[in-house]
Amino acid sequence: MKILVTVKEVAEAEDDFDIDGLDIDERYLEFDLNEWDEYAIEEAVQIKEDGDDVEVVSVTIGPERAEETIRMGLAKGVDRAIRVWDDAFADVGMLDPKTKADVLSAVVEDEQPDLVLTGVQAGDDSFGATGVTLAETIDFEWGAVVNALDLDAGAGVASVHRELEGGIEELTDIELPAVLTIQTGINEPRYASLRGIRQAQSKPLDLHELDDLGLEESDLESPLSRTAMYEPESEGDATVFEGSAEETATELASLLRDVGVVEG
Amino acid sequence: MSDVLAITEHRQGELRDVSSELVTVGSELAAQQGGELHLGIIGGDVDAFAEELSLEGVETIHTVDHGDEFNHDVYTQATAQLFGDIDPTTLLLPNSVNGLDYAPAVASELDIPLVTDAIAISRDDGLEVTREMYGSKVETTVAVDAEVAAVSVRPAEWEPTEAAGDPAIESFDADIDEDAVKSTVTGFEEVAGGDVDISEANFLISIGRGIEEEDNLPLIEDLVEATDATLSSSRPIVDNGWLPKNRQVGQSGKVVTPDVYLAIGISGAVQHVAGMKGSDTIVAINTDPNAPIMDLADYAIVDDLFDVVPALIEALE
Ligand SMILES: Cc1cc2nc3c(=O)[nH]c(=O)nc-3n(C[C@H](O)[C@H](O)[C@H](O)COP(=O)(O)OP(=O)(O)OC[C@H]3O[C@@H](n4cnc5c(N)ncnc54)[C@H](O)[C@@H]3O)c2cc1C
């Protein structure tokens, strides 16, 4: 069995930042493995460890910088990684879910996985649509916001829990092949061991350019474009307690007494 | 063709709030487009739901009487067929968990662009959608260069429409291909039960990822004890297994409305805020003055929790 895991390197804004044009100035961004994808990787690696002959391959659309993130996946047990990039990507303002899915579907065609795991969303743009768009594009079945997974590869069924709102989970049987979007908390992602980190250095990490995937620059044209980014006007009118920790804590203590939730 | 089609949502026999919020955003948008608002109701007690959603601004309600509960394959097919029949300019869907499970599939099948999690939508020259990025720290506008598009709408962002209206109610005979239905909902499970019910508490002290490590939790537990409050948390604390699920506040946890909600080291992500914005008094302790929770807070301390919390325990003694 082969599991393909989509892995994104996401940007996180520092506490203080400036916006430069249509994005936060890169000096104020930190790049990291997407939180949701970390759980997707762990889920795939656990399936590998529990089964025979399971290969876990990760795929990332991202510039060379993303290789550090990709190696983190390899260090945690991914067997082999694919990075898709091409100068043409740098010129695209916004990769919408459909465009991404088209690129990823070319990789699916090459790899022929039985199961694709993605994160529910990417922590930076929170679009939350790539996984299910991919499923529809490659004609796989799917399940979104999965927080428990029991795979019966023999029967060709994934029994999942989908985490709905308000502490309710939906129990669903999904026919394979399928794309599942993985929710945080489904497992406990491991830390990469020193040995894992060493091994990751020698695991295959292949670059695919558009050509290699049979795609053209025009395939990256997106109907969506970002036209502005700004800090929202603060609607808040919070009273900010100023001073040392002792001073602010004293003010908060008297507030709590005034409101009546603590005695005294 | 300048109409809006909005697909409503229900679960276990009840309409979800986002349905009447979709009427609000849908009728505003229909007016801007010079068209009409159509609602789609798929599955469940469609007649009762249609009656409940006979609201101001709705021109026509289309009911698809198929199944009791949400199934993404059925929803995808039915929505695509409704779309084909009504031929709207904009398709509105809820950005709920079930919306995440079918909106992208519908858009992909119809080959129309999708913008998710909208907090504002307008049409002037073209469709323009406002959405957040970077954990709600910034807003962006996204321009859609297409005649027809799908937008998923953030729940609880628009006021629900309450005024009654007089829409036509039409039954739509969707042709569901059962062979293409490859997922089966076998049941529901309630999680987060147990001994404590944080939604009953009048003073919640809620801890987030700012606590960094499980070993630091006793600091907060000391504060909880000193104040006789109830301990709750954001999601990562529960995901890490540091607190049980019944302590989680938010979209997938509990909705709480205490007299005081003290958020310590919590950024205020939208799914967290969904569970606590109805609190009477919100107090935030956070090192980041730009954290979204600050917009919601009535009182705030911009400082390190590892300094403030010990000082607070002392000040209370
Ligand atoms: C489908 C779905 C459902 C979800 N459901 C929920 C839900 O029910 N509940 C929920 O909470 N989340 C939910 N989430 C997750 C949500 O998006 C956020 O990831 C989560 O709420 C973040 O938790 P946090 O604020 O504790 O962590 P972070 O966002 O990492 O914030 C930590 C905060 O701590 C501050 N901080 C750090 N160090 C200190 C210090 N020393 N002193 C003071 N402050 C400090 C930081 O400035 C930051 O603001 C859901 C997500 C999805 C996609």
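The rules we used
Residues numbered from 1 in each chain as written. Chains lettered and ligands numbered in written order. Predicted model: local features only at pLDDT ≥ 70, side-chain atom pairs only at ≥ 80, totals over all residues. Heavy atoms only, no water. Helix = DSSP H or I, 4+ residues; strand = E, 2+ residues; numbered from the N terminus. Pairing = 2+ DSSP bridges. Axes fitted to C-alpha atoms, helices over the stretch in contact; angles between N-to-C directions. Contact = heavy atoms within 4.5 Å. Domains from an automatic or database assignment. Buried area = accessible area lost by both parts, 1.4 Å probe. Salt bridge = Lys/Arg side-chain N within 4 Å of Asp/Glu carboxyl O. Polar contact = N/O pair within 3.5 Å; in protein donor to acceptor, adjacent residues only side chain to side chain. Parallel < 35°, antiparallel > 145°, perpendicular 65-115°, else oblique. Left-handed = near helix turned anticlockwise from the far one by under 90°. Buried < 20%, exposed > 50% of the residue type's maximum accessible area, 1.4 Å probe, protein only. Near = heavy atom within 4 Å.

(A) Examining the environment of B:Val224 more closely. Mapping B:Val224 onto the fold places it in helix 5 (residues 217-227). B:Val224 sits 88 residues away from B:Ser136 along the chain, and the two C-alpha atoms are 29 Å apart.

(B) How the structure looks around the sheet that holds strand 14 (residues 224-230) of chain A. Judged by pairing direction, the sheet is antiparallel, and its four strands sit side by side in the order 14(A)-10(B)-9(B)-8(B) without closing on themselves. Each edge of the open sheet is held by one strand with a lone partner, namely strand 14 of chain A together with strand 8 (120-123) of chain B. Averaged over all adjacent pairs, the angle separating strand axes in this sheet is 25°, with direction ignored. The pairing of strand 14 of chain A with strand 10 (residues 138-144) of chain B spans six bridges and is antiparallel. Bridge pairing in strand 10 of chain B places A:Arg226 opposite B:Val142. Across the face of the sheet, helix 1 (residues 18-33) of chain B comes into contact with strand 8 and strand 9 (127-133) of chain B while running at roughly 15° to strand 8 of chain B.

(C) Here's a closer look at the domain arrangement of chain B. All names here are of chain B. On domain assignment, one finds that chain B holds domain 1 (4-180) and domain 2 (198-316). Summarising the inter-unit geometry, the C-alpha centres of domain 1 and domain 2 are found 34 Å apart. Each partner contributes to the interface: domain 1 provides six residues, whereas domain 2 provides six residues. Summed over both partners, the interface of domain 1 with domain 2 buries about 440 Å², with 54% contributed by carbon and sulfur atoms. Ranking the residues of domain 1 by area buried against domain 2 places Ser136, Lys137 and Arg154 at the top, with a combined share of 63%. At the junction of domain 1 with domain 2, the criterion picks out one salt bridge. Between Lys137 and Asp288 there is a salt bridge; the shortest N-O distance is 3.1 Å. Run the count over domain 1 and domain 2 and you get one residue pair in polar contact (both at pLDDT 80 or more).

(D) Region of the structure containing the sheet that holds strand 5 (residues 60-64) of chain B. Residues and elements named next belong to chain B. Here we have seven strands laid out as an open sheet, ordered 7-11-6-1-4-5-12, and parallel in their pairing. Edge positions in the open sheet fall to strand 7 (114-118) and strand 12 (168-171), since each of these has one partner strand only. When strand polarity is set aside, the average angle formed by the axes of neighbouring strands in this sheet is 20°.

(E) Expanded view of the packing of helix 7 (residues 245-259) of chain A against helix 9 (residues 305-316) of chain B. Direction vectors running N to C along helix 7 of chain A and helix 9 of chain B enclose 50°, while the axes themselves pass 8 Å from each other. Taken together, the axes of helix 7 of chain A and helix 9 of chain B lie oblique to each other. Crossing of helix 7 of chain A against helix 9 of chain B: the hand is right-handed. Residue-level contacts link A:Ala245, A:Glu246, A:Thr248, A:Ala249, A:Thr250, A:Leu252, A:Ala253 and A:Arg257 of helix 7 of chain A to B:Asp307, B:Val308, B:Ala311, B:Leu312, B:Ala315 and B:Leu316 of helix 9 of chain B.

(F) Representation of the pattern of salt bridges in the model. All names here are of chain A. A full pass over the atoms with the stated rule returns 27 salt bridges over all chains. Across the pair Glu49 and Arg190 runs a salt bridge, and its minimum N-O distance is 2.8 Å. Taken together, the residues Glu49 in helix 1 (residues 35-50) and Arg190 in the loop between strand 12 (178-182) and helix 6 (194-200) connect sequence positions 141 residues apart. Take Arg190: its relative accessible area is 26%, and that puts it in the partly exposed class.

(G) Seen up close, unusual backbone geometry. Following A:Leu176, the chain continues to A:Pro177 via a peptide bond in cis, the omega torsion being -5°. With respect to the helices and strands, A:Pro177 occurs in the loop between strand 11 (168-175) and strand 12. Even without a glycine there, the phi angle at B:Asp87 is positive, about 60°. Structurally, B:Asp87 can be placed in the loop between helix 3 (72-86) and strand 6 (90-94). Judged by its relative accessible area of 38%, B:Asp87 falls in the partly exposed class.

(H) Summary view of the interface of chain B and chain A. Facing 84 residues of chain B, the contacting portion of chain A comprises 82 residues. Summing both partners gives a buried area of about 6900 Å² for chain B against chain A, and 55% of it is carried by carbon and sulfur. Interface area lost by chain B to chain A is led by B:Tyr134, B:Lys137 and B:Glu139, which between them contribute 9%. Inspection of the chain B/chain A interface yields six salt bridges. Its salt-bridge partner being A:Glu165, residue B:Arg11 comes within 3.0 Å of it at the nearest N-O pair.

(I) The site of the ligand, seen in detail. Among the 28 residues in the neighbourhood of the ligand, the closest are listed as B:Ser234, B:Ser252, B:Ser267, B:Gln271 and B:Asn286. Proximal residues around the ligand fall on chains A and B, making this an inter-chain site. Contact between the ligand and B:Gly265: an oxygen atom at 3.0 Å from a main-chain N or O atom of the residue. Between B:Ser267 and the ligand, the recorded distance is 2.7 Å, taken from a side-chain N or O atom to an oxygen atom. Of all the secondary structure elements, the ones that give two or more residues to the shell around the ligand are helix 6 (235-239), helix 7 (270-273) and helix 9 of chain B.

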